[in-house]
Amino acid sequence: MSTRTQSVDTPAGEARITWHTARTARLVLAVSHGAGGGIEARDLQALAAALPAHGITVALVEQPWRVAGKKVAAAPKVLDEGWHGLWPALAKPGLPVVAGGRSAGARVACRTAAALGAAGVLALAFPLHPPGKPEKSRAEELLGAGRPTLVVQGGRDPFGRPEEFPQGGAYTLVEIPHGDHGFAVPKRAGVTQEAALALITGAVAEWLCALEV
């Protein structure tokens with residue numbers, strides 16, 4: 001695996017891609033961060049470390065607002081513009097690209113996947129609703145992705161527990177027991193943090209390797 005960082009100009013400002021390139025890659029997984037953090041998130045870093053061994057290049061994407069040092073995420077429309085502007089760089093290796101993200105980044109991936117021709121969507125900690133406000137559902141974004149979709153959700157995520165997700169949707173959902181919105185697990189859970197991350201990387205690797213691209 002080799003690693004390099006690339007700056008990309010987008011209509012929303014300068015974005016940054018950190019490539020974790022597989023030696024013999026069959027596809028690219030492009031994943032962006034959420035509204036409250038960057039690509040240092042534990043799940044994104046775990047995927048970048050684990051997936052290249054499976055022939056999957058991981059592109060960790062920092063949205064323009066984050067690169068600019070702002071502490072508040074841009075509006076959804078601006079986030080989508082930034083993702084659209086990044087896409088040619090993500091597709092340049094000539095491989096199928098799976099659009100992904102955690103939390104707000106997952107929403108961007110779902111909203112733009114069909115228009116960009118993504119090979120699939122990976123939604124990590126999809127924020128189905130604001131905490132304590134299940135009536136403000138964002139299920140329409142998830143269900144409207146129009147591409148094969150994998151949702152990886154913590155069992156105690158206040159933004160949407162696995163059992164709250166709509167039944168019968170055209171997506172696969174994997175639960176990470178005891179995980180919160182950042183997939184942190186409490187010590188009393190009897191599941192180590194390393195084991196929880198291994199569940200995530202294993203589920204994502206299995207799904208991506210089975211994806212028809």
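Below: a short report on this structure. (Residues numbered from 1 in each chain as written. Predicted model: local features only at pLDDT ≥ 70, side-chain atom pairs only at ≥ 80, totals over all residues. Heavy atoms only, no water.)

### Describing empty space enclosed by the protein
No. 1: Counted according to the given criterion, the structure contains one cavity of 30 Å³ or more.
No. 2: Lining the largest cavity we find S32, H33, G34, A35, Q63, W65, A73, L79, A104, G105 and V108.
No. 3: Considering each element in turn, the lining of the largest cavity owes the most residues, three residues, to helix 4 (residues 104-116).
No. 4: For the lining of the largest cavity, the class distribution of residues is six nonpolar, five polar and no charged. (1 Å grid on protein atoms, 1.4 Å probe; cavity = no way out; pocket = protein on both sides within 12 Å on 5 of 7 lines; lining within 4 Å. Points joined across faces, edges and corners; volume = space filled by probe spheres on them. Helix = DSSP H or I, 4+ residues; strand = E, 2+ residues; numbered from the N terminus. Nonpolar A, V, L, I, M, F, W, Y, C, P; charged D, E, K, R; others polar.)

### Observations concerning helix 1 (residues 42-50)
No. 1: Within helix 1 the residues assigned to the buried category are D43, L44, A46, L47 and A48.
No. 2: Residues of helix 1 that are buried make contact with strand 2 (13-21), strand 3 (27-32), strand 4 (56-62), strand 5 (97-102), strand 6 (120-124) and helix 6 (193-210). (Buried < 20%, exposed > 50% of the residue type's maximum accessible area, 1.4 Å probe, protein only. Contact = heavy atoms within 4.5 Å.)

### Quick notes on the sheet that holds strand 8 (residues 172-176)
No. 1: The strand order 1-2-4-3-5-6-7-8 describes an open sheet built from eight strands, whose pairing is mixed. The open sheet is flanked by strand 1 (2-10) and strand 8, the only strands paired with a single partner. On average, adjacent strands in this sheet sit at an angle of 20° to one another, irrespective of strand direction.
No. 2: Across five bridges, the pairing between strand 3 and strand 5 is parallel. Its bridge partner being in strand 5, V28 is matched across the sheet by V97.
No. 3: Lying on the sheet, helix 1 is in contact with strand 2, strand 3, strand 4, strand 5 and strand 6; it crosses strand 4 at an angle near 150°.
No. 4: Seen against the sheet, helix 3 (residues 76-91) touches strand 1, strand 2, strand 3, strand 4 and strand 5 and runs at an angle of roughly 135° to strand 1. (Pairing = 2+ DSSP bridges. Axes fitted to C-alpha atoms, helices over the stretch in contact; angles between N-to-C directions.)

### Section: the side chain of T201
No. 1: Position of T201 relative to the elements: it lies in helix 6.
No. 2: The contact partners of T201, leaving out residues within four places of it in the chain, are A46, L47, A50 and L51.

### Some words on the side chain of D157
No. 1: By secondary structure assignment, the location of D157 is in the loop between strand 7 (149-154) and strand 8.
No. 2: No salt bridge forms around the buried D157; measuring N to O, its nearest opposite-charge neighbour R102 is 6.8 Å away. (Lys, Arg positive; Asp, Glu negative; His and termini not counted. Salt bridge = Lys/Arg side-chain N within 4 Å of Asp/Glu carboxyl O.)

### A word on the pairing of strand 1
A regular strand places its side chains on the two faces of the sheet in alternate fashion.
No. 1: Pairing analysis gives nine bridges linking strand 1 to strand 2, with the strands arranged antiparallel. From the neighbouring strand, D9 faces strand 2, where its bridge partner is E14.
No. 2: Hairpin remark: strand 1 followed by strand 2, antiparallel, with two residues in the connecting loop.

### Considerations on the environment of V31
No. 1: Of note, V31 is situated in strand 3.
No. 2: V31 sits in the buried class, given a relative accessible area of 0%.
No. 3: Put simply, V31 and L47 are 16 residues apart on the chain and 9.4 Å apart in space, counted from C-alpha to C-alpha.
No. 4: The residues contacting V31, other than those within four sequence positions of it, are L44, V58, A59, L60, V61, G100, G101 and L122.

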